[in-house]
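Examining the three-dimensional arrangement
As a plain string of letters, each chain reads:
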Amino acid sequence: MVKHKCIYWRPDLHQNKEGELFANVHLLIGCNQGKIIDRQVMADEIRETFPQAELKNIFAGNIKLSSCFNGFHIASWNEHIPKQDYPGWQQSEQGMPEYSW
């Protein structure tokens, strides 16, 4: 299974009162069928690292335009989180991914 886990830090948005930075957390999977259960599994994987991510705030979709992720399924969660190392997650200071969904 092709999987890409990335945190896009948003330096253009202010820190919250706890000093946390806003981030777009994306989990991309290249080969699943896009069933509800598949999307639930993706949301659960985000919640393994970020237990504060509520299901009602995790969005799912498909990558529509990308140089290397066309057709991938995406689960996305956006929130203020502590800026630290998150094992298994790539981190980008650019703030925006190169793909659209």
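Everything that follows concerns the structure shown earlier in this document.
Everything numeric here is computed off the predicted structure, so don't read it as measured data.

**Comments concerning the nonpolar core**
If you look at the biggest cluster of nonpolar residues, it comprises 18 residues, and the most contacted ones within it are Ile-7, Val-25, Ile-46, Phe-50, Trp-77 and Ile-81. The element best represented in this core is strand 2 (residues 21-29), accounting for five residues. Listed in part, the eight residues of the second largest apolar core include Cys-6, Tyr-8, Ile-63 and Phe-69.

**Let's talk about the sheet that holds strand 2**
Pairing is mixed across the open sheet formed by five strands, whose spatial order is 3-4-2-1-5. Because the sheet does not close on itself, it has two edges, and the strands there are strand 3 (58-62) and strand 5 (90-92). Neighbour to neighbour, the strand axes of the sheet diverge by 25° on average, direction disregarded. Sheet topology places strand 1 (residues 3-9) next to strand 2; seven bridges connect them, and they run antiparallel. Counterpart to His-4 in the pairing with strand 2 is Leu-28. Strands strand 1, strand 2, strand 3 and strand 4 (73-81) of the sheet are contacted by helix 1 (residues 36-49), whose axis makes an angle of about 30° with strand 4.

**Quick word on the environment of Trp-101**
Considering the arrangement of structural elements, one finds Trp-101 in the segment after strand 5. Between the alpha carbons of Trp-101 and Ile-63 there is a distance of 4.4 Å; along the sequence they are 38 residues apart.

**What about the state of the cysteines?**
By the definition in use, this model includes zero disulfides. Free of any disulfide, Cys-6 has its nearest neighbouring cysteine sulfur in Cys-68, separated by 11 Å. You can call Cys-68 partly exposed: its relative accessible area is 49%.

**Notes on the packing of aromatic side chains**
By the definition in use, this model includes six aromatic pairs. The interplanar angle of 75° and the centroid separation of 6.2 Å between the aromatic rings of Tyr-8 and Tyr-99 together place this pair among those described as edge-to-face. Taken together, the residues Tyr-8 in strand 1 and Tyr-99 in the segment after strand 5 connect sequence positions 91 residues apart. Here Tyr-8 falls in the buried class, since its relative accessible area comes to 7%. Exposure remark for Tyr-99: the relative accessible area of 5% places this residue in the buried category. Ring geometry for Phe-69 against Tyr-99: centres 5.7 Å apart, planes inclined by 85°, an arrangement best described as edge-to-face. Of this pair, Phe-69 sits in the loop between strand 3 and strand 4 while Tyr-99 sits in the segment after strand 5, placing them 30 residues apart in sequence. Pairwise contacts between aromatic rings join Tyr-8, Phe-69, Phe-72 and Tyr-99 into one cluster.

Cut-off values and rules
- Residues numbered from 1 in each chain as written.
- Predicted model: local features only at pLDDT ≥ 70, side-chain atom pairs only at ≥ 80, totals over all residues.
- Heavy atoms only, no water.
- Core = buried A, V, L, I, M, F, W, Y, C linked by side-chain atoms within 4.5 Å.
- Buried < 20%, exposed > 50% of the residue type's maximum accessible area, 1.4 Å probe, protein only.
- Helix = DSSP H or I, 4+ residues; strand = E, 2+ residues; numbered from the N terminus.
- Pairing = 2+ DSSP bridges.
- Axes fitted to C-alpha atoms, helices over the stretch in contact; angles between N-to-C directions.
- Contact = heavy atoms within 4.5 Å.
- Disulfide = S-S within 2.5 Å.
- Phe/Tyr/Trp six-rings, centres within 6.5 Å; stacked < 30°, edge-to-face > 60°.

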